[in-house]
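Chain by chain, the residues:
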Amino acid sequence: MPRVVVFDETGAPDVLQIVDEPVAEPGPGEVRVKIEAVGVNRLDQLMRSGAFPRPFRLPHARLGCEGTGTIDALGPDVAGISVGDPVIITAVPAMELNGTYAEYTVVPASAVIPRPAGLDATSAAALWVAYSTAYGALVEKAGMRPGDHVLITAASSSVGLAAIQVANQIGAVPLAVTRHSAKKDALLAAGAAAVIATDQDDIVKAARAYTGEEGVEIIVDSVMGPGLAELATAAKRGGTLLTVGWLDPRPASMPMVAPLTIHRYMSFEHVLNPVVVRRMAAFLTAGLRTGALHPAIDKVFTLDEIADAHRHLEEGRQVGKIVVTI
Ligand SMILES: NC(=O)c1ccc[n+]([C@@H]2O[C@H](COP(=O)([O-])OP(=O)(O)OC[C@H]3O[C@@H](n4cnc5c(N)ncnc54)[C@H](OP(=O)(O)O)[C@@H]3O)[C@@H](O)[C@H]2O)c1
């Protein structure tokens with residue numbers, strides 16, 4: 001029988017267990033996907049550990065909000081897609097019921113896009129959440145333009161690396177922030193115009209120096225925490241601050257700089273909208289074709305190693321995406 005990762009209680013990575021379960025039949029408007037690889041996300045870790053921002057049903061919760069595979073079965077009323085088509089899952093509306101850490105899952109047909117030709121399953125598993133978040137925040141939300149300076153915190157995260165590449169694809173200037181100067185070379189190789197390492201540099205002073213003391217047009221921040229108010233002072237007057245994550249769970253103080261547009265960005269705002277998903281898919285396909293976009297894989301685990309994959313995520317030393325092959 002097909003294997004599925006479930007957990008009965010929240011806690012450390014060891015709560016994750018693999019069980020055998022029959023496949024579910026897709027209902028009207030749904031497809032069943034035979035999964036080949038999944039990306040491991042912070043959202044998964046928040047849910048597993050008990051820090052998820054909304055209640056969900058336990059025991060026997062599934063996990064996983066992105067993945068890639070082939071269409072295995074079509075529900076009634078599904079058109080324009082065939083069994084065997086390689087796809088990327090763009091949204092898992094109820095992760096605890098249909099999470100992607102499994103051999104099969106069922107999702108709405110509107111929540112898959114064709115897998116770009118030539119993209120292998122491991123890279124495809126690393127694509128959607130990171131790049132749709134970076135693209136959605138920078139392009140759709142902030143209206144990033146060529147020449148804009150974009151300050152990217154947690155730049156070695158999968159979202160951060162995607163933001164560097166999306167900025168470069170548009171012709172903006174990505175300034176990468178890391179806590180560790182040891183990651184400088186990797187971030188320059190990933191396309192950062194400059195790297196600010198907080199074990200050596202002051203973020204605000206460095207960002208201002210790179211912009212002739214004007215400040216950056218856009219800050220995309222995955223960290224938040226008490227440093228947020230000061231980080232915002234790196235923005236130009238009239239700039240934009242996008243908070244996309246909260247890697248530092250301590251309370252964040254409201255920036256007092258003005259004028260500044262602040263967005264608390266969640267990609268769900270866009271990935272459930274088919275019109276925006278079409279734009280995102282077109283942007284990503286074009287970037288993959290030219291090589292401007294190339295998902296960075298930190299490490300690949302097997303399904304049997306799912307708890308190790310979560311432990312690795314929690315260590316926070318990765319550069320790029322953690323992927324699990326099924
Ligand atoms: N808004 C959305 O829709 C959306 C979608 C996807 C992800 N996210 C969020 O985006 C953030 C990044 O996600 P990801 O999956 O790309 O992350 P990830 O790959 O797990 O990134 C981890 C990296 O973040 C850096 N970091 C900075 N401060 C940190 C801290 N206090 N604790 C741990 N790591 C810290 C570390 O790099 P250095 O050591 O180099 O600093 C670490 O290597 C997360 O907060 C996630 O929840 C949001």
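Counting restarts for each chain, with residues numbered from 1 along the sequence as it is written. Local features in this predicted model are restricted to residues whose pLDDT is 70 or higher, and side-chain atom pairs enter the listing and the counts only when it is 80 or higher, whereas totals over whole chains, interfaces and linings include all residues. Derived side-chain values reflect all non-hydrogen atoms in the structure, with water molecules and hydrogen atoms excluded from consideration.

Novice: Any details on the overall build of the chain? Residues and values, ideally.
Specialist: Secondary structure assignment for the chain yields 11 helices and 16 strands. Radius of gyration here is computed from C-alpha atoms only, and the compact-globule reference equals 2.2 Å multiplied by the residue count raised to the power 0.38. By the compact-globule yardstick of 20 Å for 326 residues, the chain fits well, its C-alpha radius of gyration being 20 Å. Considered along the principal axes of its C-alpha atoms, the chain spans approximately 60 × 40 × 35 Å. Sequence-distant contacts in the chain: of pairs separated by 6 or more residues, those separated by 24 or more amount to 65%. Calculation of accessible area relied on Shrake-Rupley with a 1.4 Å probe; when residues are assessed, cover is drawn exclusively from the protein chains displayed. As displayed, the chain has an accessible area near 13600 Å², and 54% of this comes from carbon and sulfur atoms. Side chains of the chain carry 27 positive and 35 negative charges; the gap between the two charge centres is 5 Å. Numbered from the N terminus, helices here are DSSP runs of H or I no shorter than four residues, and strands are runs of E no shorter than two. Contact definition: two residues touch when any of their heavy atoms are within 4.5 Å. His is not counted, nor are the chain ends; Lys and Arg add positive charge and Asp and Glu add negative charge. We put the charge of a Lys on NZ, of an Arg on CZ, of an Asp on CG and of a Glu on CD.

Novice: How would you summarise the packing of helix α5 (residues 158-170) against helix α10 (residues 274-290) if you had to cite specific residues and measurements?
Specialist: As a packed pair, α5 and α10 sit with axes 11 Å apart at the nearest point and diverge in direction by 85°. Between α5 and α10, the interaxial angle falls into the category roughly perpendicular. On α10, the residues touching Val166, Gln169 and Ile170 of α5 are Phe283, Ala286 and Gly287. Gly is placed with the polar residues, together with every amino acid not listed as nonpolar (Ala, Val, Leu, Ile, Met, Phe, Trp, Tyr, Cys and Pro) or charged (Asp, Glu, Lys and Arg). Looking at the contact of α5 with α10, its residues break down into four nonpolar, two polar and no charged. Whenever a helix is involved, its axis is fitted only over the stretch in contact; in every case the axis is a line through C-alpha atoms, and angles between N-to-C directions fall within 0 to 180 degrees. Put simply, angles under 35 degrees are roughly parallel, angles over 145 are roughly antiparallel, angles from 65 to 115 are roughly perpendicular, and the rest are oblique.

Novice: Can you explain the pattern of salt bridges? Please cite residues and give values.
Specialist: For salt bridges, the criterion is a side-chain nitrogen of Lys or Arg within 4 Å of an Asp or Glu carboxyl oxygen. Applying the stated criterion across every chain, the model contains 17 salt bridges. The shortest N-O distance in the salt bridge between Glu103 and Arg3 comes to 3.8 Å. Of this pair, Glu103 sits in the loop between α2 (95-98) and β7 (104-108) while Arg3 sits in strand β1 (residues 3-7), and the two are 100 residues apart along the sequence. In this structure Arg3 comes out as partly exposed when scored by relative accessible area, which is 26%. Between Glu315 and Arg317 there is a salt bridge whose closest N-O contact spans 2.7 Å. A residue is classified by how much of its surface remains accessible, and Arg317, at 61% relative accessible area, is exposed. Bridged by salt links that share partners, the residues Arg3, Glu103 and Asp304 form one connected network. Exposed residues in this analysis have more than 50% of their type's maximum accessible area, buried residues have under 20%, and partly exposed residues fall in between, with area computed by a 1.4 Å probe over protein chains only.

Novice: Tell me about the side chain of Gln45, and name the residues and values.
Specialist: Structurally, Gln45 is set in helix α1 (residues 42-49). According to the relative accessible area criterion, Gln45 is buried, its value standing at 13%. Residues within four places of Gln45 in sequence aside, it is in contact with His310, Leu313 and Glu314.

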